[in-house]
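Coordinate inspection notes
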Amino acid sequence: MSPPIGFTLRRRTLLAGTAAAALTHSMTRDASAQTAEAPQPVGPQTSTVTLVVNGTPREITVDNRVSLLDALREHLKLTGTKKGCDHGQCGACTCTVNGERINACLSLAVMHDGDEIETIEGIGQPDNMDPMQAAFVEQDGFQCGYCTPGQIQSARKVIEEIRAGIPSHVTGDLTAEIAMTDAEIRERMSGNICRCGAYANILSAITQVAEENA
Amino acid sequence: MRAFSYEKPANPSEAVARAAEVEGAKFLAGGTNLLDLMKHEIEAPAHVIDVNGLGLDEVTETEDGGLRIGTLVTNTALSAHPRIRRDYPVLTRAIAAGATGQLRNKATTGGNLLQRTRCPYFFDTNMPCNKRSPGSGCGALTEGAFSRQLGVIGTSSSCIATHPSDMAVAMRVLDAIVETVTPSGMTREIAVEDLHLLPGDTPERETALMPGELITHVRLPAPVGGTQAYHKVRDRASYAFALVSVALVRQADGTGRVALGGVAPKPWRRADADAQLPNGAAAVMSVLLDGATPTEENAFKLTLAERTLAAMLKEA
Ligand SMILES: Cc1cc2nc3c(=O)[nH]c(=O)nc-3n(C[C@H](O)[C@H](O)[C@H](O)COP(=O)(O)OP(=O)(O)OC[C@H]3O[C@@H](n4cnc5c(N)ncnc54)[C@H](O)[C@@H]3O)c2cc1C
Ligand code: SF4
Ligand code: FES
Ligand code: FES
């Protein structure tokens, strides 16, 4: 399943090129927009933080503006976590921080010094898949695959959240145990958009895992 | 995004002292609203004060039988808290009706109350907006503008934006109280009722907080009992902001409280409308929505609010 090395290199070169171009553009704009009167930063604009990613401490120095998502993708080269909207709307960037799923695009890397981050790369590998990854393959839970890492991250947590008794919009009795119904799973997965519309099979994959370890 | 310096103070007094000292500083909690707006350069703080190191992440019991919620308690944790589920279910329902699992894990109590409007013209920096850029005009009030989502009451000729929070509507129906530390280090209390301002001629002024004032806690008075419900009507079944939402507390004798979301610049409630509850939904809305000034596109909200409450009263 890993892409051939040549492909990886070509893609990296391209990414580096566009990132540099984007940076030049935004820096020019910043310089012209910041008039003498606008308040200015009062300290360093970069920070050094240690993110414990998939169990390994990784120290990076980043511009304070870098999102957790960009830190993972551009600085740590963990490109399994995807960028869809960059505004908290699509769920492609979902990963877990200290055991809870969040949108990595709406958090800053500097906010996560010392935090435990788990990305799709840490969950399983092609020759050693996590049960949820295996279930997505078995149930055809994806087409293009772009939303899939985020879907899998959410899916694993949704099962945990239901078992932990965290209520959702469709939960009936707030004081009773929450049942693992299709409606509960669907509602809790609503923050992960799939443009290919693989929803029905994603639901089957989650249900399969929930039943396997019931 | 504009460049900024960053710090993470360890206690509230340090946080407010720094906010008072540094020009252009802004508090950062979950970041789910502030960072979104910073990416659009609608917010452009020169200095970011991360409040996640302040503690303030516990729910404790108060002497009068109520609860005191630290501002950093996440929306997920608050909605799942056993006392909230049992004694303040309207709050659990309102939180669970908003955003997504991922966002609620990150969003905080204070951040949720202070989130800014979702008016599409506020977000579109190519459009005039008195709130984003005072004096530039209101994009939503120009000919042919899209105002379906926007406010019908409490608005002004300068701004018809709504406050988008679901949680805040439940906090309002429960008469919650916000506890703060002012820039000079004094503590004070603000009723949720008084937290959000109406736009008038100054829609850029949104809350009663002073610049640099920090929310530390939100307090819930002793439980009010009754049957509690939150009904949110939106353009799709999940993951959308409210067109209209209704928070209801109804006692066995038919009395109770009603607050509306999605219709005004703040959670919308009136004591004299509450008093009409025994007389039914139409009686409540004739008071609660008295003086409404909807646009052609959002006048449907008036009917929708009444019908939503009527449906809830049938069930309660
Ligand atoms: C895609 C999407 C969908 C959403 N859908 C909904 C929805 O349906 N319903 C709903 O209610 N909400 C919804 N939200 C909004 C979400 O609930 C808010 O973004 C969130 O509650 C904000 O909390 P936060 O802690 O992340 O705030 P932040 O973004 O950290 O802060 C928000 C504001 O509050 C200030 N602030 C934070 N803490 C304090 C403090 N202690 N003292 C003083 N000032 C403070 C910050 O300076 C900032 O101005 C949605 C958001 C997104 C991105
Ligand atoms: S309604 Fe308010 S927020 Fe929206 S464009 Fe007009 S002034 Fe701006
Ligand atoms: S990229 Fe983060 S939610 Fe879309
Ligand atoms: S599989 Fe293509 S976006 Fe979901």
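Scoring rules and cut-offs
Residues numbered from 1 in each chain as written. Chains lettered and ligands numbered in written order. Predicted model: local features only at pLDDT ≥ 70, side-chain atom pairs only at ≥ 80, totals over all residues. Heavy atoms only, no water. Helix = DSSP H or I, 4+ residues; strand = E, 2+ residues; numbered from the N terminus. Buried < 20%, exposed > 50% of the residue type's maximum accessible area, 1.4 Å probe, protein only. Contact = heavy atoms within 4.5 Å. UniProt positions renumbered as here; feature names shortened; annotations may be inferred. Near = heavy atom within 4 Å. Nonpolar A, V, L, I, M, F, W, Y, C, P; charged D, E, K, R; others polar. Pairing = 2+ DSSP bridges. Axes fitted to C-alpha atoms, helices over the stretch in contact; angles between N-to-C directions. Polar contact = N/O pair within 3.5 Å; in protein donor to acceptor, adjacent residues only side chain to side chain. Areas by Shrake-Rupley, 256 points an atom, 1.4 Å probe, with all protein chains shown as cover. Domains from an automatic or database assignment. Salt bridge = Lys/Arg side-chain N within 4 Å of Asp/Glu carboxyl O.

A separate point is the overall build of chain A. Looking only at helices and strands, chain A has seven helices and five strands in total. Reading chain A from its N end, one meets helices and strands in the order α-β-β-α-β-β-β-α-α-α-α-α. The buried share of chain A, reckoned over its 214 residues, is 45%. Long-range pairs, those at least 24 residues apart, make up 53% of the contacts in chain A between residues at least 6 apart in sequence.

What follows concerns the UniProt feature "domain: FAD-binding PCMH-type" (unreviewed entry) in chain B. Per the UniProt record, "domain: FAD-binding PCMH-type" (unreviewed entry) is annotated on residues 1-225 of chain B. End-to-end, the C-alpha atoms of residues 1-225 of chain B are 46 Å apart, and along that stretch the chain is 28% helix and 16% strand.

So, on to the site of ligand 2. Contacts to ligand 2 come from 13 residues, most closely from Cys119(B), Cys129(B), Cys138(B), Cys159(B) and Ile160(B). A per-class count over the shell around ligand 2 returns nine nonpolar, three polar and one charged.

Time to look at the sheet that holds strand E5 (residues 116-118) of chain A. Residues and elements named next belong to chain A. Spatial ordering of the open sheet is given by E2-E1-E5-E3-E4, a layout of five strands whose pairing is mixed. Looking at which strands have only one partner, the edges of the open sheet turn out to be strand E2 (56-63) and strand E4 (100-103). Here the strands of the sheet are splayed against their neighbours by 40 degrees on average, with no regard to which way each runs. Sheet topology note: the strand E3 (residues 94-97)/E5 ladder contains two bridges and is antiparallel. Directly across from Val97, in E5, lies its bridge partner Ile117. With respect to the sheet, helix H5 (residues 148-163) is in contact with E3, E4 and E5, its orientation differing from that of E3 by roughly 50 degrees.

A few words on the pairing of strand E8 (residues 214-220) of chain B. Residue and element names in this part refer to chain B. The buried fraction of E8 is high, at seven of seven residues. Bridging between strand E5 (residues 67-70) and E8 involves four bridges; their strand directions are antiparallel. Across the sheet, residue Gly70 finds its bridge partner in E8, namely His217. Where strand E6 (residues 177-181) and E8 come together, five bridges link them in antiparallel fashion. Across the sheet, residue Thr180 finds its bridge partner in E8, namely Ile215.

This part takes up the site of ligand 1. Close contacts around ligand 1 come from 35 residues, with Phe27(B), Gly31(B), Thr32(B), Leu34(B) and Thr108(B) the closest. The site occupied by ligand 1 is bordered by residues of chains A and B. In this structure, Thr71(B) approaches ligand 1 through a side-chain N or O atom, which is 3.4 Å from a nitrogen atom. Between an oxygen atom of ligand 1 and a side-chain N or O atom of Lys232(B), the distance comes to 3.0 Å. Expressed as a share of its isolated accessible area of 990 Å², the protein-covered part of ligand 1 is 96%. Of all the secondary structure elements, the ones that give two or more residues to the shell around ligand 1 are strand E2 (25-28), helix H7 (109-113) and E8 of chain B. Ranked by residue count, the leading element in the shell around ligand 1 is E2(B), at three residues. Tallied by class, residues from the shell around ligand 1 come to 15 nonpolar, 15 polar and five charged.

By a frequent convention, interface size equals the accessible area lost on bringing the separate parts together. Residues and elements named next belong to chain A. Domain annotation for chain A reports domain 1 (46-122) and domain 2 (124-212). Relative placement of domain 1 and domain 2: their C-alpha centres are 21 Å apart. Contact with domain 1, which involves 18 residues of that partner, is made by 17 residues of domain 2. Here domain 1 and domain 2 share two salt bridges between them. Residue Arg156 is joined to Glu118 by a salt bridge in which the shortest nitrogen-to-oxygen separation is 3.4 Å. At the junction of domain 1 and domain 2, the tally comes to 11 residue pairs in polar contact (both at pLDDT 80 or more).

Residue and element names in this part refer to chain B. An order of E9-E10-E11 is seen for the three strands of this open sheet, with the pairing classed as antiparallel. In the strand order of this sheet, the two ends are held by strand E9 (227-233) and strand E11 (256-261), each with one partner. Neighbour-to-neighbour, the strand axes of the sheet open up by a mean angle of 10 degrees, direction not taken into account. The sheet contact formed by E9 and strand E10 (residues 244-250) spans seven bridges and is antiparallel. Within E10, the residue paired with Tyr230 across the bridge is Ala247. Running at roughly 15 degrees to E9, helix H5 (residues 89-96) makes contact with E9 and E10 of the sheet. Packed onto the sheet, helix H13 (residues 300-315) meets E9, E10 and E11 and runs at close to 35 degrees relative to E10.

This part takes up helix H12 (residues 281-288) of chain B. All names here are of chain B. Of all eight residues that make up H12, six are buried, and the element is covered over most of its length. Residues of H12 that are buried: Ala281, Ala283, Val284, Met285, Val287 and Leu288. Here the buried face of H12 lies against E11, helix H11 (271-274) and H13.

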